[in-house]
Amino acid sequence: MGLQPQSTVDGPLFDANDAPEEIVVARGGRDFRMSWTDGSKAETGAEQLRLRCRCAWCTRARADGEFPNAFEDVAIVAIEPFGAHAAHIRFSDGHDRGIFPWTYLRGIATGAAEAAVRPRG
Ligand SMILES: [Zn+2]
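Everything numeric here is computed off the predicted structure, so don't read it as measured data.

Student: How do you make sense of the coordination of the zinc ion when you look at a structure like this?
Tutor: Around a metal, the perfect tetrahedron of four donors has angles of 109.5 degrees, and the perfect octahedron of six donors has angles of 90 or 180 degrees. Protein ligation of the zinc ion involves C53 (SG), C55 (SG), C58 (SG) and H95 (NE2), the donor distances falling in the range 2.1 to 2.3 Å. Seen from the zinc ion, its 4 donor atoms lie at angles of 102 to 115°, and the figure they make is tetrahedral.

Student: Even after reading the chapter, I still don't get the sheet that holds strand β3 (residues 41–45), so can you show me in this structure?
Tutor: Across a sheet, paired strands are connected by hydrogen bonds in the backbone, their directions being either parallel or antiparallel. Taken together, the 3 strands give an open sheet; going across it, the order is β1-β2-β3, and neighbouring strands pair in antiparallel fashion. Every interior strand has two partners, whereas the edge strands, β1 (22–26) and β3, have only one. Adjacent strand axes in the sheet meet at a mean angle of 15°, parallel and antiparallel pairs treated alike. Pairing of strand β2 (residues 31–35) with β3, which is carried by 5 bridges, proceeds in the antiparallel orientation. Residue pairing for β3: S35 is matched across the bridge by K41. Sheet contacts for helix α3 (residues 102–110): β1, β2 and β3; angle to β3, the most-contacted strand, approximately 85°.

Student: Please clarify how the nonpolar core should be interpreted in this entry.
Tutor: The nonpolar side chains of a soluble globular protein tend to be buried, and buried together. By size, the foremost hydrophobic cluster in this structure holds 24 residues, and its most contacted members are L49, I76, I89, F91, F100 and L105. Elements represented by at least two residues in this core include exactly β2, α1 (46–51), α2 (56–63), β5 (86–91) and α3. A total of 5 residues in this core trace back to one element, the largest contributor, which is α3. Leave out the neighbours within four places in its chain, and I76 touches V25, G29, F32, A46, L49, I89, R90 and F91.

Student: Please explain the pattern of salt bridges as it appears in this structure.
Tutor: Should their charged atoms come close, side chains of opposite charge can pair. The final tally for this structure, using the stated rule, is 10 salt bridges. Salt-bridge contacts for D18 lead to R106; the nearest nitrogen and oxygen are separated by 3.0 Å. With D18 in the segment before β1 and R106 in helix α3, this residue pair connects regions lying 88 residues apart in the sequence. The exposure class assigned to D18 is buried, which follows from its relative accessible area of 9%. Residue R90 is joined to D96 by a salt bridge in which the shortest nitrogen-to-oxygen separation is 3.3 Å.

About the thresholds
- Residues numbered from 1 in each chain as written.
- Predicted model: local features only at pLDDT ≥ 70, side-chain atom pairs only at ≥ 80, totals over all residues.
- Heavy atoms only, no water.
- Donors = N, O, S within 2.8 Å, 3.2 Å for Na, K, Ca; no water.
- Tetrahedral: all angles 85-135°; square planar, octahedral: opposite > 155°, others 65-115°.
- Pairing = 2+ DSSP bridges.
- Helix = DSSP H or I, 4+ residues; strand = E, 2+ residues; numbered from the N terminus.
- Axes fitted to C-alpha atoms, helices over the stretch in contact; angles between N-to-C directions.
- Contact = heavy atoms within 4.5 Å.
- Core = buried A, V, L, I, M, F, W, Y, C linked by side-chain atoms within 4.5 Å.
- Buried < 20%, exposed > 50% of the residue type's maximum accessible area, 1.4 Å probe, protein only.
- Salt bridge = Lys/Arg side-chain N within 4 Å of Asp/Glu carboxyl O.

Printed below as a string of C-alpha coordinates:
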(Lines give C-alpha, C1' and ligand atoms only; values in the text may rest on other atoms or scores of the structure.)
Protein backbone atom coordinates (compact mmCIF):
# COMPACT_ATOMS: atom_id res chain seq x y z
CA MET A 1 0.00 0.00 0.00
CA GLY A 2 1.06 3.55 -0.37
CA LEU A 3 2.72 2.83 -3.68
CA GLN A 4 1.83 5.39 -6.27
CA PRO A 5 1.30 4.50 -9.90
CA GLN A 6 3.66 7.20 -11.04
CA SER A 7 6.50 6.19 -8.81
CA THR A 8 9.28 3.96 -10.02
CA VAL A 9 9.37 0.73 -8.12
CA ASP A 10 12.61 -1.16 -8.34
CA GLY A 11 13.24 -4.76 -7.59
CA PRO A 12 11.12 -7.87 -7.90
CA LEU A 13 8.04 -6.42 -6.19
CA PHE A 14 6.63 -5.02 -9.38
CA ASP A 15 7.49 -5.57 -13.00
CA ALA A 16 5.29 -3.59 -15.38
CA ASN A 17 5.51 -6.50 -17.81
CA ASP A 18 3.57 -8.62 -15.32
CA ALA A 19 0.41 -6.56 -15.75
CA PRO A 20 -1.71 -8.75 -18.02
CA GLU A 21 -3.09 -7.62 -21.32
CA GLU A 22 -6.26 -9.56 -20.72
CA ILE A 23 -8.03 -11.16 -17.78
CA VAL A 24 -10.78 -13.72 -18.13
CA VAL A 25 -12.86 -14.97 -15.23
CA ALA A 26 -14.74 -18.13 -16.17
CA ARG A 27 -16.77 -20.94 -14.66
CA GLY A 28 -18.83 -18.63 -12.51
CA GLY A 29 -15.75 -16.90 -11.14
CA ARG A 30 -13.85 -20.08 -10.24
CA ASP A 31 -11.32 -19.90 -13.06
CA PHE A 32 -8.94 -17.01 -13.51
CA ARG A 33 -6.96 -16.63 -16.71
CA MET A 34 -4.44 -14.03 -17.71
CA SER A 35 -2.59 -13.36 -20.91
CA TRP A 36 0.30 -11.03 -21.49
CA THR A 37 1.52 -8.97 -24.39
CA ASP A 38 4.47 -11.31 -24.84
CA GLY A 39 2.01 -14.05 -25.78
CA SER A 40 2.25 -16.05 -22.58
CA LYS A 41 -0.83 -17.22 -20.77
CA ALA A 42 -1.46 -18.68 -17.35
CA GLU A 43 -4.45 -19.89 -15.42
CA THR A 44 -5.31 -20.47 -11.80
CA GLY A 45 -8.41 -20.76 -9.68
CA ALA A 46 -10.29 -18.54 -7.29
CA GLU A 47 -9.53 -20.92 -4.44
CA GLN A 48 -5.79 -20.74 -5.12
CA LEU A 49 -5.94 -16.96 -5.02
CA ARG A 50 -8.09 -16.94 -1.90
CA LEU A 51 -5.62 -19.28 -0.17
CA ARG A 52 -2.75 -16.96 -1.08
CA CYS A 53 -4.34 -13.70 0.00
CA ARG A 54 -1.72 -11.66 1.79
CA CYS A 55 -3.91 -9.02 3.40
CA ALA A 56 -3.38 -8.20 7.06
CA TRP A 57 -6.42 -10.21 8.12
CA CYS A 58 -5.30 -13.38 6.32
CA THR A 59 -1.71 -12.95 7.43
CA ARG A 60 -2.89 -12.69 11.03
CA ALA A 61 -5.18 -15.71 10.68
CA ARG A 62 -2.25 -17.75 9.33
CA ALA A 63 -0.05 -16.68 12.22
CA ASP A 64 -2.79 -17.72 14.62
CA GLY A 65 -3.22 -21.04 12.86
CA GLU A 66 -6.81 -20.20 12.01
CA PHE A 67 -6.47 -19.84 8.28
CA PRO A 68 -8.53 -22.46 6.39
CA ASN A 69 -6.80 -25.09 4.26
CA ALA A 70 -9.48 -24.82 1.62
CA PHE A 71 -12.14 -22.50 0.33
CA GLU A 72 -14.51 -24.84 -1.43
CA ASP A 73 -16.55 -23.30 -4.21
CA VAL A 74 -15.22 -19.82 -3.56
CA ALA A 75 -15.48 -17.60 -6.61
CA ILE A 76 -14.18 -14.26 -7.76
CA VAL A 77 -16.93 -11.68 -7.58
CA ALA A 78 -15.00 -8.69 -8.89
CA ILE A 79 -11.54 -7.59 -9.94
CA GLU A 80 -10.60 -3.94 -9.94
CA PRO A 81 -7.28 -2.31 -10.78
CA PHE A 82 -5.39 -1.11 -7.74
CA GLY A 83 -3.02 1.51 -8.99
CA ALA A 84 -0.84 0.31 -11.83
CA HIS A 85 0.79 -2.53 -10.01
CA ALA A 86 -1.97 -4.63 -8.52
CA ALA A 87 -5.53 -5.89 -8.57
CA HIS A 88 -8.11 -5.73 -5.84
CA ILE A 89 -10.03 -9.01 -5.81
CA ARG A 90 -13.38 -9.57 -4.14
CA PHE A 91 -14.37 -13.14 -3.30
CA SER A 92 -17.75 -14.78 -2.93
CA ASP A 93 -17.10 -15.62 0.72
CA GLY A 94 -17.32 -11.90 1.41
CA HIS A 95 -13.58 -11.36 1.67
CA ASP A 96 -12.60 -8.20 -0.17
CA ARG A 97 -9.36 -7.06 1.41
CA GLY A 98 -6.97 -8.78 -0.92
CA ILE A 99 -4.60 -6.68 -2.99
CA PHE A 100 -2.70 -8.87 -5.42
CA PRO A 101 0.32 -7.34 -7.19
CA TRP A 102 0.40 -8.43 -10.84
CA THR A 103 3.82 -9.93 -10.25
CA TYR A 104 2.37 -12.04 -7.45
CA LEU A 105 -0.64 -13.08 -9.55
CA ARG A 106 1.61 -14.08 -12.40
CA GLY A 107 3.76 -16.03 -10.01
CA ILE A 108 0.75 -17.87 -8.62
CA ALA A 109 -0.67 -18.65 -12.05
CA THR A 110 2.63 -19.91 -13.42
CA GLY A 111 3.56 -21.76 -10.25
CA ALA A 112 6.52 -19.51 -9.56
CA ALA A 113 5.00 -18.19 -6.34
CA GLU A 114 4.79 -21.69 -4.92
CA ALA A 115 8.25 -21.69 -3.43
CA ALA A 116 7.78 -18.23 -2.00
CA VAL A 117 4.55 -19.13 -0.25
CA ARG A 118 5.23 -22.62 1.05
CA PRO A 119 7.83 -21.93 3.77
CA ARG A 120 5.38 -19.76 5.69
CA GLY A 121 3.14 -22.77 6.17
ZN1 LIG B 1 -7.09 -11.64 2.89
